[in-house]
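So the chains spell out like this:
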Amino acid sequence: MIWSTILMIMDQFYHLVDFITSNFLDPKKRVFLGYLFSGFFIAFLWVLFVKKISFKQTFNYIFDKRIYFAKSAISDYFLYAINLFVMIIFSPILLSQLTIATVIFEFLHTQEFLIPIENIFVVSVIIPVAFTLCYFVVDDFSKFLVHMLMHKIPFLWCFHKVHHSAEVLTPITVFRTHPIEGFIFVLRNAITQGAVIGMFYFISNGNIDLVTVLGANIFSFCFHLFGSNLRHSHINICYWRWLEHFLISPAQHQIHHSVKKIHHDKNFGVTFAFWDLIFGSLVFSKINQQIKYGLSKKENYIKHNIFQIYIFPIRESLNILFVICKKNITRFCNFFYVSVFKYKRDF
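Okay, so let's go over this structure. (Residues numbered from 1 in each chain as written. Predicted model: local features only at pLDDT ≥ 70, side-chain atom pairs only at ≥ 80, totals over all residues. Heavy atoms only, no water.)

### Digging into the overall build of the protein
Formally: Strands are runs of DSSP state E lasting at least 2 residues, helices are runs of H or I lasting at least 4, and numbering of each runs from the N terminus. Partly exposed residues are those whose accessible area sits between 20% and 50% of the maximum for their type, while under 20% is buried and over 50% is exposed, using a 1.4 Å probe and protein chains only. Any pair of residues with heavy atoms lying within 4.5 Å of one another is described as a contacting pair. Every accessible area reported is derived by Shrake-Rupley at a probe size of 1.4 Å, with residue values counting cover from the shown protein chains alone.
Counting its regular elements, the protein contains 13 helices and two strands. A total of 347 residues make up the protein; the buried ones form 41% of that total. Nonlocal contacts in the protein, meaning residues at least 24 apart in sequence, comprise 73% of its contacts between residues at least 6 apart. Put simply, the protein shows about 20400 Å² of open surface, and 72% of that area lies on carbon and sulfur atoms.

Here is the structure:
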């Protein structure tokens with residue numbers, strides 16, 4: 001009995017370790033080793049030729065141990081492992097892409113406005129490109145929208161502020177999230193990607209394929225290959241001003257993490273900057289900009305204690321719900337009191 005329990009625990013531990021390391025070996029994942037290498041290579045060239053410092057200084061600047069071994073960064077590493085374990089437990093009960101895709105597919109069979117395409121050239125050439133592009137763009141817009149709501153809605157900000165509590169940025173900071181936020185983004189992923197899959201599956205009569213490189217969406221592959229991981233880093237790479245109207249640069253996302261009030265609720269975009277341009281939240285970067293990361297003093301109670309990071313957002317969100325419920329109950333009681341006594345007085 002004891003041995004079987006030990007073996008079961010070891011088996012679960014093996015699966016967790018395998019799951020943790022698989023993200024670094026899968027080109028579909030942001031922290032794929034190839035993307036990390038390309039990001040650091042771009043950073044190396046940027047620092048070496050733009051900042052014009054020596055080879056040794058460049059290396060020491062990029063791999064600064066004060067960044068990667070800071071308390072904030074170490075918290076990121078623990079959160080990465082713990083959140084993956086939480087997702088392993090709860091992922092079987094979460095809404096999936098397949099469920100949404102099936103619902104959309106079945107719904108489209110009940111209407112006559114949109115019909116399947118029969119042309120072989122369109123199905124085999126045009127549809128895959130359109131599907132791949134639509135999949136990427138819709139997914140990016142949904143990330144922007146949910147991210148913006150995370151900042152605008154106090155209840156959601158309770159959980160998203162965990163990500164903004166990071167005081168240094170590393171590629172692993174992207175995983176510095178509360179599990180509740182993780183569940184929200186899983187739901188977002190299922191709805192948006194499932195809807196796109198269901199629609200294109202219908203119009204192509206089930207003959208759809210993404211245009212991929214190493215199994216990853218070609219647009220995602222390019223986005224990650226050209227430095228997506230530098231957005232969470234201390235390497236403030238700026239783009240040309242005209243390009244920052246269309247694509248979020250690493251320096252622009254670093255502005256999003258700034259403590260300064262003028263930078264709050266700016267640059268929500270992940271890939272494309274024109275979402276922020278449309279919604280009026282776009283800010284351009286500056287070369288050699290100095291940014292302090294983290295939260296303001298009035299709400300920076302989370303810090304780097306793992307227990308606090310998980311528990312306090314829940315407590316704070318429940319307090320917000322309690323206040324909302326109390327206000328609504330008070331309004332109802334006042335309405336009921338006025339209505340009843342006004343009725344009696346009129347009677």
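### What to know about the side chain of asparagine 83
Definition in use: N or O atoms closer than or at 3.5 Å make up a polar contact, with two conditions inside protein: a donor-capable atom paired with an acceptor-capable one, and, for residues adjacent in sequence, both atoms drawn from side chains.
Within the element layout of this structure, asparagine 83 appears in helix α5 (residues 71-90). Within the local environment of asparagine 83, its side chain forms a polar contact with the backbone oxygen of phenylalanine 175, the two atoms lying 3.4 Å apart. Each residue touching asparagine 83, except ones within four places of it in the same chain, is listed here: Phe175, Thr177, Pro179 and Tyr310.

### Brief notes about empty space enclosed by the protein
Here is the rule we go by: Each cavity reported here is a set of points on a 1 Å grid over the protein atoms alone in which a 1.4 Å probe fits but cannot get out, each pocket an open set with protein on both sides within 12 Å along at least five of seven lines, and each lining residue one with an atom within 4 Å of a point. Grid points are joined across faces, edges and corners, and a volume is the space filled by probe spheres set on the points. In this count, Pro and Cys sit with the nonpolar residues alongside Ala, Val, Leu, Ile, Met, Phe, Trp and Tyr, while Asp, Glu, Lys and Arg are called charged and the others, Gly among them, polar.
Counted under the stated rule, the structure contains one cavity of 30 Å³ or more. Volume-wise, the largest cavity comes out at about 50 Å³. Ranked by residues supplied to the lining of the largest cavity, first place goes to helix α2 (residues 33-49) with four residues. For the lining of the largest cavity, the class distribution of residues is six nonpolar, three polar and no charged.

### Concerning unusual backbone geometry
Despite not being glycine, lysine 52 shows a phi value in the positive range, around 55°. Mapped onto the elements of the fold, lysine 52 is located in the loop between α2 and α3 (55-62). Phi angles above zero are rare outside glycine, and asparagine 267 is one such case at about 55°. Among the secondary structure elements, asparagine 267 is positioned in the loop between α11 (250-256) and α12 (274-279).

### With respect to the nonpolar core
We apply this condition: Put simply, a nonpolar core is a bunch of buried Ala, Val, Leu, Ile, Met, Phe, Trp, Tyr and Cys residues held in one set by side-chain atoms that sit within 4.5 Å of each other.
The biggest cluster of nonpolar side chains holds eleven residues, and these are Ala43, Phe44, Trp46, Val47, Leu48, Ile62, Leu230, Ile235, Ile237, Cys238 and Ala251. In terms of residue count, the dominant contributor to this core is α2 (five residues). The next biggest cluster of nonpolar side chains, apart from the first, holds nine residues, and it includes Leu108, Tyr135, Val196 and Ile203.

### Description of helix α7 (residues 120-152)
Let me state the cut-off plainly: How far a helix is expected to stretch is found by multiplying one less than its residue total by 1.5 Å. Here the bend at a residue means the angle between the axes of two seven-residue stretches, the one that ends at it and the one that starts at it.
Taking 1.5 Å of rise per residue, 33 residues should cover 48 Å, and α7 covers 46 Å from first to last C-alpha, within 8% of that figure. Of all bends in α7, the biggest is about 40°, found at isoleucine 126, and the proline proline 128 comes one to four residues later.

### Description of a nonpolar patch on the surface
Definition in use: Like-charged residues are merged into a patch within 9 Å and nonpolar side chains (Val, Leu, Ile, Met, Phe, Trp, Tyr) within 5 Å, provided each residue has over 30% relative accessible area and no salt bridge. Salt bridge, as used here, is a side-chain nitrogen of Lys or Arg placed within 4 Å of a carboxyl oxygen of Asp or Glu.
Taken together, the side chains of Phe85, Ile88, Ile89, Phe90 and Ile93 present a nonpolar region at the surface, about 470 Å² in accessible area. The exposure class of isoleucine 93 is exposed, given its relative accessible area of 68%.

### What to know about the layout of surface pockets
One number sums up the size of the second largest pocket: a volume of about 400 Å³. Among the secondary structure elements, those contributing two or more residues to the lining of the second largest pocket are α2 and α10 (218-225).

### Considerations on the packing of aromatic side chains
Inclusion rule: Here a pair means two rings of Phe, Tyr or Trp (six-membered ring of Trp) with centres within 6.5 Å. Their orientation is stacked below 30 degrees between planes, edge-to-face above 60, and tilted elsewhere.
Throughout the structure, instances matching the rule amount to 20 aromatic pairs. Both rings, one in phenylalanine 144 and one in phenylalanine 279, keep their centres 5.2 Å apart while their planes meet at 50°; by these two values the pair is tilted. Linking phenylalanine 144 in helix α7 with phenylalanine 279 in helix α12, this pair joins segments that are 135 residues apart in sequence. The class for phenylalanine 144 is buried, based on a relative accessible area of 0%. By way of ring pairs, the aromatic residues Phe136, Phe141, Phe144, Phe219, Phe268, Phe272, Phe274, Trp275 and Phe279 are connected into one cluster.

### Structural notes on the side chain of serine 72
Assignment of secondary structure puts serine 72 in helix α5. Contact partners of serine 72, with chain neighbours within four places excluded, come to Ala166, Glu167, Val168, Arg176 and His304.

### Quick word on the packing of helix α6 (residues 97-108) against helix α9 (residues 179-203)
Quick note on the threshold: The convention used is that axes are lines fitted to C-alpha atoms, helices contributing only their stretch in contact, and that angles between N-to-C directions extend from 0 to 180 degrees. An angle counts as roughly parallel when it lies under 35 degrees, as roughly antiparallel when it exceeds 145, as roughly perpendicular when it falls between 65 and 115, and as oblique in every other case. The sense of a crossing depends on the near helix, which, turned anticlockwise from the far helix by less than a right angle, makes the crossing left-handed and, turned clockwise, makes it right-handed.
α9 packs onto α6 with a crossing angle of 40° between their chain directions and a minimal axis gap of 7 Å. For the element pair α6 / α9, the angle class is oblique. Our pair here, α6 against α9, has a crossing hand that is right-handed. Two secondary-structure elements touch here, α6 through Gln97, Ile100, Ala101, Ile104, Phe105 and Leu108 and α9 through Asn189, Ala190, Ile191, Gln193, Gly194, Ala195, Ile197, Gly198, Met199, Tyr201 and Phe202. Tallied by class, the residues present in the contact of α6 with α9 amount to twelve nonpolar, five polar and no charged.

### Overview of the pattern of salt bridges
Evaluated as defined, the whole model comprises six salt bridges. Among the ionic pairs, aspartate 139 bridges to lysine 143, the shortest N-O distance being 3.3 Å. Taken together, the residues aspartate 139 and lysine 143, both in helix α7 and four residues apart, mark about one turn of the helix. We note a salt bridge from lysine 161 to glutamate 316, for which the minimum N-O separation is 3.2 Å. With lysine 161 in helix α8 (residues 154-164) and glutamate 316 in helix α13 (residues 306-346), the pair connects residues that are 155 residues apart, well separated along the chain. A cluster of three or more residues bridged by salt bridges with shared partners is formed by Asp139, Lys143 and Arg188.

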